[in-house]
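# Close look at the chain arrangement
Now for the letters of each chain:
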Amino acid sequence: EEVDSEVRVLHILRKHKDSTRPASLREPEITCSLADASDVLQKVREQLLPLSGEKDFSKLKKIFEGLAQRLSDCNSAQDGGDLGRFTRDKMQKPFTDAAFDLKVGELSKLVFTPSGVHLILRLK
């Protein structure tokens, strides 16, 4: 079985008051709890899940990009959550593990890192 050396994903990051840097372009001072941040992404995930895993995931990608632009606390929000291609050593381990475990066109469960809570969609 071939092992992927890199992936390309979109993600939505929701920070919370205990995040490494609780500030973003969307919200200069983030005061919400981890539970609040998780709730937002869980609702997004439930909305998108019916589209996950389709061979043609262009609709899912388009909706995800729009939600990332509105909801994400990562600077990648302006690019629809696109982090570009990356190798295993470039991101925090829980994020990397989740991204590499996904199939192309598949949506992750919620992923927790020191940066906050993430929802990931694998593109490549």
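These notes cover the structure that comes with them. Treat the numbers as computed from the prediction; the structure is a model and nothing was measured.

### Side note on the overall build of the chain
In terms of helices and strands, the chain carries 3 helices and 4 strands. Element order for the chain, N to C, with α for helix and β for strand: β-α-α-β-α-β-β. The C-alpha radius of gyration computed for the chain amounts to 14 Å, which stays within 12% of the reference 14 Å derived for 124 residues, consistent with globular compactness. Put simply, the chain has 124 residues, and 44% of those count as buried. Excluding contacts between residues fewer than 6 apart, the proportion of contacts in the chain whose partners are at least 24 apart in sequence is 60%. Of the roughly 7,000 Å² of accessible surface on the chain, a fraction of 51% belongs to carbon and sulfur atoms. In the chain, which carries 21 positive and 20 negative side-chain charges, the distance between the mean positions of the two groups comes to 2 Å.

### Some points on the nonpolar core
Ile12, Val44, Leu48, Phe64, Leu119 and Leu121 are the most contacted members of the largest nonpolar core, which has 18 residues in total. Elements represented by at least two residues in this core include exactly strand S1 (6–14), helix H1 (34–48), helix H2 (58–71) and strand S4 (116–122). Top contributing element to this core by residue count: H2, with 5 residues. In this structure, Leu119 is in contact with Leu10, His11, Ile12, Leu41, Val44, Arg45, Leu48, Phe64, Leu107, Ser108, Lys109 and Leu110, ignoring residues within four places of it in sequence.

### A word on the pattern of salt bridges
Close approach of charged atoms allows side chains of opposite charge to pair. A complete count under the given rule lists 9 salt bridges for this structure. Between Arg8 and Asp82 there is a salt bridge, with its nearest N and O atoms 2.4 Å apart. Separated by 74 residues along the polypeptide, Arg8 in strand S1 and Asp82 in strand S2 (residues 82–87) bring together distant segments of the chain. With a closest N to O distance of 2.6 Å, Lys93 and Asp97 form a salt bridge. Taken as a pair, Lys93 and Asp97 lie in helix H3 (residues 93–101) at a separation of 4 residues, close to a single helical turn. The network of salt bridges with shared partners includes Arg26, Glu27 and Asp73.

### Considerations on the sheet that holds strand S3 (residues 111–113)
Read from one edge to the other, the open sheet built from 4 strands follows the order S2-S1-S4-S3, with strand pairing classed as antiparallel. The open sheet terminates on both sides in strands that have one partner only, identified here as S2 and S3. Across this sheet, the average inter-strand angle for adjacent strands is 45°, counted without regard to direction. One ladder, built from 6 bridges, connects S1 with S4; its direction is antiparallel. Considered in S4, the bridge of His11 is made with Ile120. In this fold H1 packs onto S1, S3 and S4, with an angle of close to 20° to the strand it touches most, S4.

About the thresholds
- Residues numbered from 1 in each chain as written.
- Predicted model: local features only at pLDDT ≥ 70, side-chain atom pairs only at ≥ 80, totals over all residues.
- Heavy atoms only, no water.
- Helix = DSSP H or I, 4+ residues; strand = E, 2+ residues; numbered from the N terminus.
- Rg over C-alpha atoms; globule rule 2.2 N^0.38 Å.
- Buried < 20%, exposed > 50% of the residue type's maximum accessible area, 1.4 Å probe, protein only.
- Contact = heavy atoms within 4.5 Å.
- Areas by Shrake-Rupley, 256 points an atom, 1.4 Å probe, with all protein chains shown as cover.
- Lys, Arg positive; Asp, Glu negative; His and termini not counted.
- Charge placed at Lys NZ, Arg CZ, Asp CG, Glu CD.
- Core = buried A, V, L, I, M, F, W, Y, C linked by side-chain atoms within 4.5 Å.
- Salt bridge = Lys/Arg side-chain N within 4 Å of Asp/Glu carboxyl O.
- Pairing = 2+ DSSP bridges.
- Axes fitted to C-alpha atoms, helices over the stretch in contact; angles between N-to-C directions.

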